[in-house]
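Each chain, letter by letter, is given below.
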Amino acid sequence: MVALSAVITAAGTALVTATTSGTVTLDTFAAGAVHLGSFGGLLIAFRRWAPAASRLLLPIVSLITAVGSIEVFRIDPDLGRLQRWWLVLAAVIGIAAMRLLHRRGVKVLRRYRYLFLVASLGLLALPLLPSSLPLGGATVNGSRLWVRLSLDERTLSFQPGEAAKVLIVVFLASYLADRRRVLAEMPHSVGPLRLPEPRQLLPILLAFSIAFMVLVYQRDLGASLLLFLVFVMLLYVATARATYLVAGGLLAVGGAFAAATWFSHVAVRVEAWLHPFQDYATGGYQVAQGVFALAEAGLVGTGLGNGSPWLIPAASTDYVFIAIVEETGLAGGLALLAAYALLVTIGFGIALRANDSFRSLLAAGLTIVLAVQTLLIIGGVLRMLPLTGITLPFASYGGSSLLVNVLIIALLARVSHEERT
Amino acid sequence: MKTSLRRIAAALAASLAFSGIWMTWLVTDAASRYRNDPRNVRSQQAGYLPGAGRIITADRVIVAIDDSNGERQYPEGVAYAHIVGYDAASGRSGIEQSRYAALRVRDDGSITDWLLGLGDGGTRQPHDVVLTVHDPLQQVARDALGGKTGAVVVIDVATGAVFAYVSSPAYDPNQVVAGSLDPEESADATLDRAADRVLPPGSTFKVIVAAAALDVGANPDTPFTDSEEYLAPGAGSPIRNASDGFCSDGNTLTLTDALVVSCNTVFAALAVDLGGASVVGAARRAGFGTVIPWETGAARSSLTGADVLEADDGALAQTGIGERDVRVTPLLMALIASSIGNGGVAMQPFVVGAILTPSGDVIAQTEPAPFTRMFSSAVAADLRTMMTEVVTRGTGTAAQVDGLIVSGKTGTAEGSGGPHAWFIGIAGHDNPEIAIAVVVESGGSGGRVAAPIAAEVLKMWRDLSG
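Residues numbered from 1 in each chain as written. Chains lettered and ligands numbered in written order. Predicted model: local features only at pLDDT ≥ 70, side-chain atom pairs only at ≥ 80, totals over all residues.

A.B. asks: Can you help me understand the overall build of chain B in this one?
C.D. replies: Counting its secondary structure elements, chain B contains 17 helices and 19 strands. Contacts in chain B between residues at least 24 apart in sequence constitute 69% of all its contacts with a sequence separation of at least 6. (Helix = DSSP H or I, 4+ residues; strand = E, 2+ residues; numbered from the N terminus. Contact = placed C-beta atoms within 7 Å.)

Structure below.
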């Protein structure tokens with residue numbers, strides 16, 4: 001399967017270069033070789049250090065990455081070439097993670113939960129550092145999510161928030177595994193709704209305020225929603241108390257209304273979601289261009305290299321799903337959705353079979369991150385939800401995102417391995 | 001924990017499945033509604049079957065059609081030149097350009113095109129574009145201009161539908177198709193003076209200044225000093241009235257009376273009293289500095305910035321009477337008038353009402369949508385009352401039409417080849433129904449030259465609607 005996806009990457013890249021420039025270029029071999037090398041390496045590491053892990057996990061990820069990398073290369077060859085380096089780096093980090101976990105298992109993570117909490121909050125706050133420092137924040141497209149490391153003349157930019165989401169899941173899994181019985185106690189009741197001690201609601205309020213602060217200070221709607229939804233869902237999984245879902249849902253809806261009323265950058269998104277064609281010249285342009293791209297898609301799309309996905313702003317990141325649908329049609333889009341559904345199903349399967357509550361919550365949390373992130377961005381570009389600028393896991397261009405998602409898969413594989421041995 | 005985990009897993013998996021269903025619907029819906037959208041660049045690069053649909057007016061007069069040889073013909077010749085444009089080997093303009101895709105059957109050889117063709121009943125006939133323009137209004141507006149240089153725009157106040165759209169001098173698109181007229185060399189005739197030409201609005205701009213005053217608490221009966229001339233602090237030369245005397249009895253006159261006789265000294269002083277920020281703010285709310293969403297594109301109307309006017313009372317005084325650097329398109333002046341007739345809200349102007357199949361089935365229909373609120377409803381009501389007085393007993397009496405209530409404002413703006421004559425107004429049987437803007441470049445006084453042209457168009461509208 002991994003070899004097949006490498007062949008797909010090479011063939012797809014060949015098709016793109018053939019249709020756009022008329023000849024098949026060296027990129028074909030580079031793309032195929034990098035994909036085969038990276039996922040081959042990961043596969044060997046998985047087999048060696050997590051031999052009992054689910055055998056479907058990596059091939060699915062490899063396929064999604066193949067489709068994404070072809071489309072990113074198609075939209076912007078330079079970004080596509082850059083993404084290859086990110087893939088190599090992600091594979092190296094994934095292999096290193098498997099090696100480290102091999103020694104002591106995921107359980108070791110449980111002990112350092114407060115370190116992870118502090119680290120993730122620190123990472124979330126990192127972009128707020130002044131831009132003048134050698135390691136400083138940077139504002140890109142109106143959101144302050146980036147950290148730019150300046151060494152002499154060179155700069156390296158990354159989004160620390162991406163790593164923060166994994167660390168937060170590890171913390172939550174550990175915290176909830178210990179506290180879930182206490183949190184599940186519901187001594188009070190109002191009608192059919194059972195309520196916990198008021199102080200038990202503090203964590204949910206804390207999570208909400210952190211998510212809201214991310215929204216206010218970094219103007220990142222996507223990360224804010226993702227963090228909060230993951231927290232609420234995991235809390236529900238741990239306690240099985242619908243009260244938390246209701247409370248979280250109310251807070252999310254209230255927060256969304258407040259944000260849409262108070263913050264112009266959120267209001268613009270909502271307006272663009274509801275009326276993209278009326279605000280065509282201003283806020284609705286991107287959403288409208290996405291709809292134009294979908295209008296071309298049809299059943300099988302324009303064919304790789306024959307569409308015009310670059311017309312959509314942020315085609316290689318936020319809108320990569322639409323770009324794929326434009327060129328491969330409903331068939332391609334549905335196949336990709338099925339791949340994500342399969343990945344999510346495997347992830348939840350791992351969580352269900354896990355042999356203790358920490359591992360189960362860890363696998364569930366990581367899977368929820370992947371699922372919610374996929375739903376937020378696909379829902380956004382398909383106009384089911386307001387558009388929130390986050391990446392489509394494994395498919396969008398983005399180094400930080402790819403690294404962290406490979407790390408998620410490594411953790412899932414490790415949990416999967418441990419439950420079968 | 002297993003139960004709750006299963007529930008979350010099921011909910012997320014169901015959401016992914018729902019995304020798939022939603023996407024299937026969206027792709028189908030987008031293909032039928034947005035493939036030929038004029039803003040969709042992809043549609044201009046696509047392949048099309050030969051042959052284009054017709055362009056017809058709201059009253060079913062054919063203004064563009066393919067003849068039996070497939071040559072584009074324009075039966076009404078010069079009358080629709082600036083809105084319909086031409087589709088010639090040398091290039092395209094007007095609706096022929098903006099609705100190029102809608103007028104044709106698209107076929108890239110793709111499966112989507114084939115499927116859409118099946119949905120079309122397999123006929124693959126090009127669609128017709130139906131304008132909102134009414135031919136008698138278009139013709140009478142053109143005749144009333146009588147070859148003078150200028151423009152007439154008529155808009156339905158409640159919907160924004162454009163009933164007439166005339167620019168003069170015009171050209172014959174048939175000659176462009178035949179190759180006997182090069183649009184590049186006839187820039188004077190091809191220029192769309194309704195939307196692409198900006199001129200100083202002169203006294204029609206006093207409506208905006210009056211709105212700024214009403215906004216901050218003045219009312220139509222607020223008295224102002226009547227003087228022969230007004231010298232702004234720091235200005236070089238004074239501003240005088242058109243009659244070179246007092247506007248009234250030399251004591252005071254109300255805001256309404258100042259508008260009725262178009263009193264320069266009152267409005268120049270009023271602009272300086274209000275301040276640059278207030279006047280510029282009122283103008284911006286009324287669409288100055290904004291891109292007007294218009295079928296064939298429109299120039300941006302403009303005036304001097306607030307910071308400059310705050311520091312230069314002389315310029316501010318001249319701005320108050322629509323001179324200096326105030327520049328506006330007739331299209332925007334018509335929209336301003338229409339908003340006064342529509343409780344302060346200007347609707348988005350549109351000239352393509354629908355896309356039909358040759359047998360008359362509706363493919364797409366333009367839904368009226370608000371463009372912007374230019375005035376509060378109270379200010380709009382006051383302006384309307386004051387403008388009614390302008391036509392009953394002021395500078396705009398030539399725009400009176402039996403059987404209609406006409407409200408308007410004249411303007412006579414300085415121009416290098418003689419003053420530009422302006423009239424903007426709204427008219428209806430009981431309530432305002434249509435808005436009109438007329439400009440005649442270097443034509444003379446607005447009340448004597450532009451107002452009678454408006455009256456002729458309004459008479460035709462009355463006859464059509466009565």
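A.B. asks: I tried to follow the interface of chain A and chain B on my own but got confused; where do I start?
C.D. replies: Accessible area lost during the coming together of the parts is what is often quoted as the interface size. Taken residue by residue, the interface counts 42 residues in chain A and 34 residues in chain B. Secondary-structure elements contributing two or more residues to the side of chain A that touches chain B are α9 (221-239), α12 (285-297), α13 (320-353) and α14 (357-381) of chain A. Examining the composition of the side of chain A that touches chain B, we find that 11 residues originate from one element, α13 of chain A, more than from any other. In the side of chain A that touches chain B, the residues fall into 31 nonpolar, 9 polar and 2 charged. (Nonpolar A, V, L, I, M, F, W, Y, C, P; charged D, E, K, R; others polar.)

A.B. asks: I would appreciate a short explanation of the sheet that holds strand β7 (residues 150-156) of chain B in the present structure.
C.D. replies: Hydrogen bonds between backbone atoms are what pair the strands of a sheet, whose relative direction is either parallel or antiparallel. Residues and elements named next belong to chain B. Pairing within the open sheet is antiparallel, and its 5 strands lie in the order β8-β7-β19-β18-β17. Only two strands of the sheet have a single neighbouring strand rather than two, namely β8 (162-168) and β17 (405-413). Neighbouring strand axes in the sheet, compared pairwise and without regard to direction, differ in orientation by 10 degrees on average. In this structure, β7 lies alongside strand β19 (residues 434-440), joined through 7 bridges in antiparallel fashion. Within β19, the residue paired with Val152 across the bridge is Val438. Taken strand by strand, helix α6 (residues 135-145) contacts β7 and β8, and its axis lies near 30 degrees from that of β8. (Pairing = 2+ DSSP bridges. Axes fitted to C-alpha atoms, helices over the stretch in contact; angles between N-to-C directions.)

A.B. asks: Honestly, the packing of α14 of chain A against helix α15 (residues 399-419) of chain A in this entry has me stumped. Any pointers?
C.D. replies: Axis angle and axis distance: for two packed helices, these are the angle between their axes and the distance between the axes, and together they describe the pair. Residues and elements named next belong to chain A. Taken N-terminus to C-terminus, the directions of α14 and α15 make an angle of 145 degrees; their axes are 10 Å apart at the nearest point. The two elements α14 and α15 meet at a crossing, and its hand is left-handed. Residues Arg359, Leu362, Ala363, Leu366, Val369 and Leu370 of α14 form the contact with α15, whose own contacting residues are Ile408, Leu411, Leu412, Val415, Glu418 and Glu419. By residue class, the composition of the contact of α14 with α15 is 9 nonpolar, no polar and 3 charged. (Left-handed = near helix turned anticlockwise from the far one by under 90°.)

A.B. asks: What is the right way to look at the sheet that holds strand β2 (residues 62-66) of chain B in this model?
C.D. replies: Residue and element names in this part refer to chain B. Sheet architecture is open: 6 strands sit in the order β3-β2-β1-β6-β14-β15, paired in mixed fashion. Edge strands, defined here as strands with exactly one partner in the open sheet, are β3 (72-73) and β15 (362-365). Taken together, the 2 bridges between β2 and β3 define a ladder with antiparallel strand orientation. In the strand pairing of β3, Asp66 is matched with Arg72.

A.B. asks: It is not clear to me how the pairing of β7 of chain B should be interpreted in this structure. Could you clarify?
C.D. replies: For a regular strand, side-chain orientation follows a simple rule: the groups alternate between the two sheet faces. Residues and elements named next belong to chain B. Along β7, 7 of the 7 residues are buried, which leaves the element largely enclosed by surrounding structure. Neither face of β7 is left uncovered, since the one carrying Gly150, Val152, Val154 and Asp156 and the one carrying Ala151, Val153 and Ile155 both have all their residues buried. Judged from the 6 bridges that link them, β7 and β8 form a sheet pairing that is antiparallel. The partner of Val153 across the bridge, within β8, is Tyr165. Hairpin connection between β7 and β8: a loop of 5 residues separates the two successive antiparallel strands, and Gly160 in this loop has a positive phi of roughly 90 degrees. (Buried ≥ 20, exposed ≤ 12 C-beta atoms within 10 Å, placed from the backbone.)

A.B. asks: Even after reading the chapter, I still don't get the nonpolar core, so can you show me in this structure?
C.D. replies: Soluble globular proteins tend to pack their nonpolar side chains together in the buried interior. If you look at the biggest cluster of nonpolar residues, it comprises 149 residues, and the most contacted ones within it are Val230, Leu234, Phe321 and Leu362 of chain A. Dropping the residues within four chain positions of it, Phe321 of chain A is found in contact with Ile377, Ile378, Val381, Leu392 and Ala395 of chain A. If you look at the next biggest cluster of nonpolar residues, it comprises 138 residues, including Tyr230, Val260, Leu316 and Ile436 of chain B. (Core = buried A, V, L, I, M, F, W, Y, C linked by C-beta atoms within 7 Å.)

A.B. asks: Got a minute to help me understand the environment of Thr412 of chain B in this structure?
C.D. replies: Residue and element names in this part refer to chain B. Tracing the backbone shows Thr412 in strand β17. C-beta crowding within 10 Å serves as the criterion here: with 25 such atoms nearby, Thr412 is assigned to the buried category. Counting along the chain gives 27 residues from Thr412 to Val439, while the straight-line C-alpha distance between them is 9.6 Å. If we ignore the near neighbours within four places in the chain, the residues touching Thr412 are Gly202, Ser203, Pro419, Ala421, Ser445 and Gly446.

A.B. asks: In this structure, what is going on with unusual backbone geometry? I would like to understand it.
C.D. replies: Most peptide bonds take the trans form, and the phi angle of most residues other than glycine is negative. Along the chain, Ser168 of chain B connects to Pro169 of chain B via a cis peptide bond; the corresponding omega equals 0 degrees. Along the polypeptide, Pro169 of chain B turns up in the loop between β8 and α7 (173-178). Even without being a glycine, Phe394 of chain A presents a positive backbone phi close to 70 degrees. Inspection of the secondary structure assignment puts Phe394 of chain A in the loop between α14 and α15. Judged by the 28 C-beta atoms lying within 10 Å of it, Phe394 of chain A falls in the buried class.

A.B. asks: What is the right way to look at the packing of α9 of chain A against helix α10 (residues 242-262) of chain A in this model?
C.D. replies: All names here are of chain A. Two elements in contact, α9 and α10, have axes whose closest approach is 9 Å; the angle formed by their N-to-C orientations is 170 degrees. Relative to α10, the element α9 is oriented roughly antiparallel. From α9, Phe228, Val232, Leu235, Tyr236 and Thr239 reach across to α10, where they touch Tyr244, Leu245, Gly248 and Ala252. Looking at the contact of α9 with α10 residue by residue, the class counts come to 7 nonpolar, 2 polar and no charged. (Parallel < 35°, antiparallel > 145°, perpendicular 65-115°, else oblique.)

A.B. asks: Just checking my understanding: could you explain the pairing of strand β14 (residues 352-356) of chain B for this structure?
C.D. replies: Residues and elements named next belong to chain B. Note that strand β6 (residues 128-131) and β14 share 4 bridges and pair antiparallel. Residue pairing in the sheet places Asp128 in a bridge with Leu356 of β14. Both β14 and β15 contribute to a ladder of 3 bridges, which runs antiparallel. Residue pairing for β15: Leu356 is matched across the bridge by Val362. What sits between β14 and β15 in their antiparallel hairpin is a turn of 5 residues, with Gly360 showing a positive phi close to 100 degrees.

A.B. asks: What should I look at first to understand α15 of chain A in this one?
C.D. replies: Each turn of an α-helix holds 3.6 residues, which means side chains three or four residues apart point in the same direction. In a regular helix each residue adds 1.5 Å, so 21 residues correspond to 30 Å; α15 of chain A covers 31 Å between its end C-alpha atoms and thus fits that length. The buried fraction of α15 of chain A is high, at 19 of 21 residues. (Expected span 1.5 Å × (residues − 1).)

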